[in-house]
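Summary of structural features
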Amino acid sequence: LYEQCPDFVAPASRRNEVLGFVKGGLRDLSISRTGFGWGVPVPGDDDHVMYVWIDALANYISALGYGSEKEEDFDKYWPAGLHVVGKDILRFHAIYWPAFLMAAGIDVPKRLFAHGWWTKDGEKISKSLGNVIDPVELVEKYGTDQTRFFLMAE
């Protein structure tokens, strides 16, 4: 995938990160774990739950009707032209997800862009940290074009 589509992962720094991981050798990946009370239960095994990210990844195509009687949206919108993700979930989206799709005979997204984090006072902006910034307030204070420029530049 990475040799056939050298621009699959962008920017180059993220592509290099993915290539470094892949060149280090891939091993089997367990999609379930024990010791957690949350996750998708594994049928027939009360001790295991599936990682929530495996279910989240599958939602990209099931939300478009894949696997149902109405796959029109899937046929129309998949594969995604550009998949934008945060750098903290790059490995899932640039390595595991394409592998799952290829194993199922499903086209991978055409391109993946992993963005960095916006920070506030040196910390990643996060709902869980409670340090979010309302973009509507930015627009009201600085204007639409200025806010767009800032968000795209950062």
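Below you will find a few notes about this structure. The structure presented is a predicted model; accordingly, all values stated were derived computationally and were not measured.

Some thoughts on the overall build of the protein
Per the secondary structure count, the protein includes six helices and eight strands. Mapped in sequence order, the helices and strands of the protein form the string β-α-β-β-β-α-α-β-α-β-β-β-α-α. Its C-alpha atoms put the protein at 55 × 40 × 40 Å along the principal axes. Sorting the 154 residues of the protein into buried and exposed places 26% on the buried side. Here the contacts in the protein between residues at least 6 apart in sequence split such that 51% fall between residues at least 24 apart. Carbon and sulfur atoms make up 54% of the accessible area of the protein, which totals about 10,900 Å². If you average the places of the 16 positive and of the 22 negative side-chain charges in the protein, the two averages end up 7 Å apart.

Side note on a nonpolar patch on the surface
A surface patch of nonpolar side chains, about 300 Å² in accessible area, is lined by Phe36, Trp38 and Val52. Tracing the backbone shows Trp38 in the loop between β2 (32-34) and β3 (40-42). By relative accessible area, which is 48% here, Trp38 ends up partly exposed.

Details of the pattern of salt bridges
One pass over the structure, following the stated rule, counts three salt bridges. Put simply, Asp88 and Lys124 hold a salt bridge, and the shortest N to O gap is 3.3 Å. Of this pair, Asp88 sits in the loop between β5 (83-86) and α4 (90-103) while Lys124 sits in strand β8 (residues 123-124); the two residues are 36 residues apart in sequence, bridging distant segments of the chain. Look at Asp88 and you get partly exposed, because its relative accessible area is 44%.

Remarks on the environment of Arg33
Locating Arg33 in the fold gives a position in strand β2. The residues contacting Arg33, other than those within four sequence positions of it, are Trp38, Asp47, His48, Val49 and Tyr51.

Cut-offs used in this document
Residues numbered from 1 in each chain as written. Predicted model: local features only at pLDDT ≥ 70, side-chain atom pairs only at ≥ 80, totals over all residues. Heavy atoms only, no water. Helix = DSSP H or I, 4+ residues; strand = E, 2+ residues; numbered from the N terminus. Buried < 20%, exposed > 50% of the residue type's maximum accessible area, 1.4 Å probe, protein only. Contact = heavy atoms within 4.5 Å. Areas by Shrake-Rupley, 256 points an atom, 1.4 Å probe, with all protein chains shown as cover. Lys, Arg positive; Asp, Glu negative; His and termini not counted. Charge placed at Lys NZ, Arg CZ, Asp CG, Glu CD. Patch = residues over 30% accessible without salt bridge, like charges linked within 9 Å, V, L, I, M, F, W, Y side chains within 5 Å. Salt bridge = Lys/Arg side-chain N within 4 Å of Asp/Glu carboxyl O.

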